[in-house]
Every structure is written in structure tokens, then in C-alpha cells.
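The residues making up each chain are set out below.
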Amino acid sequence: MKKVILSSILGIILLVSFVSAFGVSSPYWTDNPLKMYPGQSITVDLNLQNKAGATEDVTASVALIEGTEIASLDDGEYEIKAGEDINVPLKVKISKETQVGTTYKIQVEVKTVTPGEGGGVVMGTGMNTEFDVEVIEKPAGVKEGLSVLAYIIIAIIIILVIAALYFLLRNRE
Amino acid sequence: MIKKEAVIIISLLLIIPLVSAGFFDFIKNPITGKATSQPTNISVGVVGTNPVQITQVGPIAAVNPTELSTTTIAFEIHMYDPDGVADINDTSVNATFTKSGETSKTTGNSGTCTFVADLDSYTANYSCSIDMWYFDGSGSWTISAQGKDVGNSTWIVNNSATFTYNELKAMVISPGALTFPSVSPGGINQTSNNDPTLINNTGNYNGTIDVTAIDLYGESDSSYWIYAENFTSGLTEGTAICLSGTSLVNATATEITSSISNRGNLSSGSGAGQEEIYYCIPKVPEIVSQTYSTEGGGSWTIAY
């Protein structure tokens, strides 16, 4: 009798029966490290997909677990509509002082946000994007590009010079 | 007299260069009004003696696979022929993607690329596309472009270009929640009654599978909970996993021993691209009777 009573109460039952689909694509992975040189900055797009015949939107939480010393991203939740995909930019920057040969590890955890509904053991899906960043010598022929700010400053100087010349000539006349 | 001979000699000199026939041919081949037959040396300009050259393939930026589907990769091939574009065999241009250990991919249904336009008098542009499947291996693929011309007909192959097919970690799991039969405190080897969790690999990742379990809190009284460590998980059905399965750990990704995402074509029906995970409670803890679920602590996660 005790067992019957207990068993009827201590039950872990299924109340929900949805199918969870999700995917993350990355241009770098364990066997395909990212190679960067000191002073370089790049953005790696992590592609979050809600396809595979998905009929419902998915909310995914994205978190940078490892590699925060060189990488950053907007942690938080992203909504991906059914049948669509989005890119989450992961910014990676190697300081100029970094020694060649240094290796960093980056790990980004992406999980579907699945409410832990009552009455069951709800299952969600997760993808860990992991890859190494290897610091290499700066390849020959690579030149430092001007920053946007530098272009703006140059443009302002040119405009000022032209304006000065204009007024100078006008005053002479 | 001398004057007369000089006239005859000069006349002969004038005639000889103009007449190519033998001097007495008119005896052997009398003039009949019919045109005489004779060997004739002719010079014909043959187009296409030089083979074509494949001057450009791609480039193709790194490509993301698409979950459970194909991704069409479009690219261009430039063919150069020193004999002119007219000598390029437009229907011969095709391309193949190859990678060690992978099934090769060939352009389009007809196996060829499509002529787009002449870039100049010697170079023509062709548009090609190849479909890559979600389960095709990640890494560097070689693009083998080939084509020939009309006159030379020698197949020219260019294997110099490559592209990167990115890694895609993706899955579809079902069912979306576990169920256990009603169990008694102290009960042993209680297996789930709706397992396994079927994991369909809808990407191209090949590796182990983790399960992150979360303690199950009482729905009526959340001050009681069942530790995640009370659960084991494994790849075989039945109570064997209760003893030999992997013990789960609260809020920690735990690799399921011997699990593999098993990259492959799910449509083949051979189990490729699939893995199954079973669950057990080896010993139900002595705990207050109520319903315990993921409502309070959050869902479990199956991950690569």
C-alpha cells in the first residue's frame, strides 16, 4: 500500500513532447585554428541556424566561456525565426605585445533556451564552438590599414586646405 | 638579224614566267575545253591548335553548411584560348569538389557549367554551381576545374583552387522531454519509459555527445530535490546502464561514454547520423513524495 501511494505521488512524467532543432556553424573549429598576428583584429561570424524543417522560433543564449582576454561578443539571448539563421559577431583582437607562438583557446557556448516546464525532464540542445587562436608572424606584404578615424581626419584636413585656398584666392581678387 | 633574235629571246623571257605548264603539254593533254586537273597546294588556317587555359577558378569564400539540407556553392571559371573564344568548347567546362575521404561533388545536373559571357576576344566566363550536403566533411575542399577547346580537344585541368567548408554543429532531438514511470523511494534500476533520446545529427560535426543534467526540484516543495548524480546515462537499452552508464553531474556537461554524433546521411536509413541515449535512476533516493521536474532548476541539455 505504501509503495502504491508513494509511486503515485513520486512521479516524473512527460507533459511536453516537442522536437528541438538547432545548429551553429563556425569558420574555425578544433582542427582548424584561427591564425592571427600581433596587432591584428578580426570578426568571426558565428552562424546560428534554426532550420532543419523548423516550424517554431528558437531563442538561443550565447556566452563566451573561454578566451575573454582576446575575444568579446554580446552575451545574451538571440531569437532565430523558424527557417532562418543569424550571425553573431565574435570580435578577436591580438595585442601588439603578444609573443609569436602564443596560443589562446576560445569557447563559445550556445544553448537553446528551453523553459524547464513542470512535470517532466525537459531537454534542450547546445553547441560548443571551440577553437584555438595561434599567434603567428605578420605575413609579408600585409600593411597596416588606416582606421576610419584616420580617414576622417585626412578628409577634414583636405577640406580645410581647400577652403583656405578658396578664401585666399578670393581675398586677392 | 641580231635585232630579230633579241626580240625572240625577250619574248620567251616574258612568256616563261607566265606559263606554268610544260612547254609541250598541249601535245600530251590536248586542249578540249575541259578544265585540266592538276595538284594544287592550298593553305588552310586551322583554328584551335593551342589548348585552352583555365585562368581563374572561384574564389569561393568559406561556406556554412545548412542544417539538414544542401548549400549551393556558386563560382566562376574563366577559360582563355589564344586562338580566340570561338575555339573554346562551351559545353565542356565543368568542375568537381574533392576532399580525401569524402564523396566528390560535380557541377549541376548536367555536369557542366554555363557560359555567361565573353570577357574579351580570348577569355570567356562560365558560371558553375555545386550542392554540398549538411553531412559533407568540414575542412579544405579542392576545386578541380576542367575544359577543352574545339581544335585541340585536350582536356585541361586546374586543381589550384580550394575553399573551406565550415563546421556545423547541429542536431534535432526527440522526444523533447523524458518520462519515467512512477517510482518508489528506495527503488532500484528505474529506467525511463520513453527513452532513448534520439539525436539526429543535422550537421557535419563528428564527435562525442555531452549531457548536462540539472537537479530536479520538487514542484510542491522546492526545498527537496533529486540530485542529478542520481541519474546514469548510456547507449544501451535496459538496466545495464544503471550500473555501467555514465553518472550525470549537476550543471556540468558530462560526456556520455562511447557516444558519437555519427556524421552521415540521415536519409540513408542505416542509422547514419543518429545516436540514442538511455537513462536510469540506479537507486531512487529516500525523499518526500511529490513530483520532481526541471521546472525549478531548468532544462537538461544535450550538446556537442
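Our subject is the structure that appears above.
A quick note: this is a predicted structure, and the numbers were derived from the prediction, not measured.

K.L.:
I tried to follow the interface of chain B and chain A on my own but got confused; where do I start?
P.N.:
Interface extent is often summarised as the accessible area lost during association of the parts. Of the residues lining the interface, 54 residues belong to chain B; the matching set on chain A comes to 44 residues. In this assembly, chain B packs against chain A so that about 4000 Å² is buried in total across both faces, 57% of it on carbon and sulfur atoms. Three residues stand out in chain B for area buried against chain A, namely Glu67(B), Lys169(B) and Gly176(B), and they jointly supply 14% of the buried area on that side. There are 18 residue pairs in polar contact (both at pLDDT 80 or more) connecting chain B and chain A. Those elements giving two or more residues to the side of chain B that touches chain A turn out to be strand E8 (156–165), strand E9 (167–174), strand E10 (177–178), strand E19 (274–283), strand E20 (292–293) and strand E21 (300–303) of chain B. Per element, the largest residue contribution to the side of chain B that touches chain A is eight residues, and it comes from E9(B). Residues belonging to the side of chain B that touches chain A are distributed by class as follows: 26 nonpolar, 23 polar and five charged. Pairing of strand E9 (residues 121–135) of chain A with E21(B) involves four bridges; the strand directions are parallel. Bridge pairing in E21(B) links Gly124(A) to Thr301(B).

K.L.:
Could you clarify how one ought to interpret the packing of aromatic side chains in this entry?
P.N.:
Here the distance between the centres and the angle between the planes together describe a pair of aromatic rings. Residues and elements named next belong to chain B. Within the structure shown, the criterion is met by 15 aromatic pairs over all chains. Relative to Phe97, the ring of Phe75 lies with its centre 5.5 Å away and its plane at 35°, an arrangement referred to as tilted. In this pair, Phe75 sits in strand E2 (residues 70–80) while Phe97 sits in strand E3 (residues 94–98), placing the two residues 22 residues apart along the sequence. Note on Phe180 and Phe231: the rings are 5.8 Å apart at their centroids and 70° apart in plane angle, and the pair reads as edge-to-face.

K.L.:
Would you mind going over the pattern of salt bridges with me for this structure?
P.N.:
Between side chains of opposite charge, pairing is possible as soon as their charged atoms come close. The tally for this structure, following the rule as stated, stands at three salt bridges over all chains. Of the charged contacts in the structure, one is a salt bridge between Lys51(A) and Asp85(A), with a shortest N-O distance of 3.5 Å. Placement of the pair is Lys51(A) in the loop between strand E3 (41–50) and strand E4 (58–66) and Asp85(A) in strand E7 (residues 84–93), with a sequence separation of 34 residues. Two residues, Lys105(B) and Asp136(B), come together in a salt bridge whose shortest N-O distance is 2.9 Å. In this pair, Lys105(B) sits in strand E4 (residues 105–106) while Asp136(B) sits in the loop between strand E6 (123–133) and strand E7 (139–147), placing the two residues 31 residues apart along the sequence. The burial state of Lys105(B) is the same as that of Asp136(B); both residues are buried.

Basis of the calculations
All chains use their own residue numbering, which begins from 1 and follows the written sequence. Written order determines the labels here, with chains lettered from A and ligands numbered from 1. Local features are withheld for residues below a pLDDT of 70 in this predicted model, meaning they are given only at 70 or higher, and side-chain atom pairs are given and counted only at 80 or more; totals for whole chains, interfaces and linings count all residues. Side-chain calculation: all heavy atoms of the structure are included, whereas hydrogens and water are not. Working rule for contacts: check all heavy atoms of both residues, and any pair within 4.5 Å makes them a contact. Two parts placed together each lose some accessible area under a 1.4 Å probe, and the buried area is that loss summed for both. Pairing of N or O atoms within 3.5 Å defines a polar contact, subject to two protein rules: one partner must be a possible hydrogen donor and the other a possible acceptor, and residues neighboring in sequence count only if both atoms are side-chain atoms. A helix here means a DSSP run of H or I that spans at least four residues, while a strand means a run of E at least two residues long, and both kinds are numbered starting from the N terminus. When residue character is reported, Ala, Val, Leu, Ile, Met, Phe, Trp, Tyr, Cys and Pro are called nonpolar, Asp, Glu, Lys and Arg charged, and the others, Gly included, polar. Paired strands, in this sense, are two strands between which DSSP finds at least two bridges. Under the pairing criterion, centres of Phe, Tyr and Trp rings, with the six-membered ring standing for Trp, must be within 6.5 Å; the plane angle then separates stacked pairs below 30 degrees from edge-to-face pairs above 60, leaving the rest tilted. A carboxyl oxygen of Asp or Glu within 4 Å of a side-chain nitrogen of Lys or Arg is what we treat as a salt bridge. Only protein chains enter the accessibility calculation, which uses a 1.4 Å probe; a residue is then buried when its area is under 20% of its type maximum, exposed when over 50%, and partly exposed in between.

On their own, these measurements won't tell you what the molecule is for.
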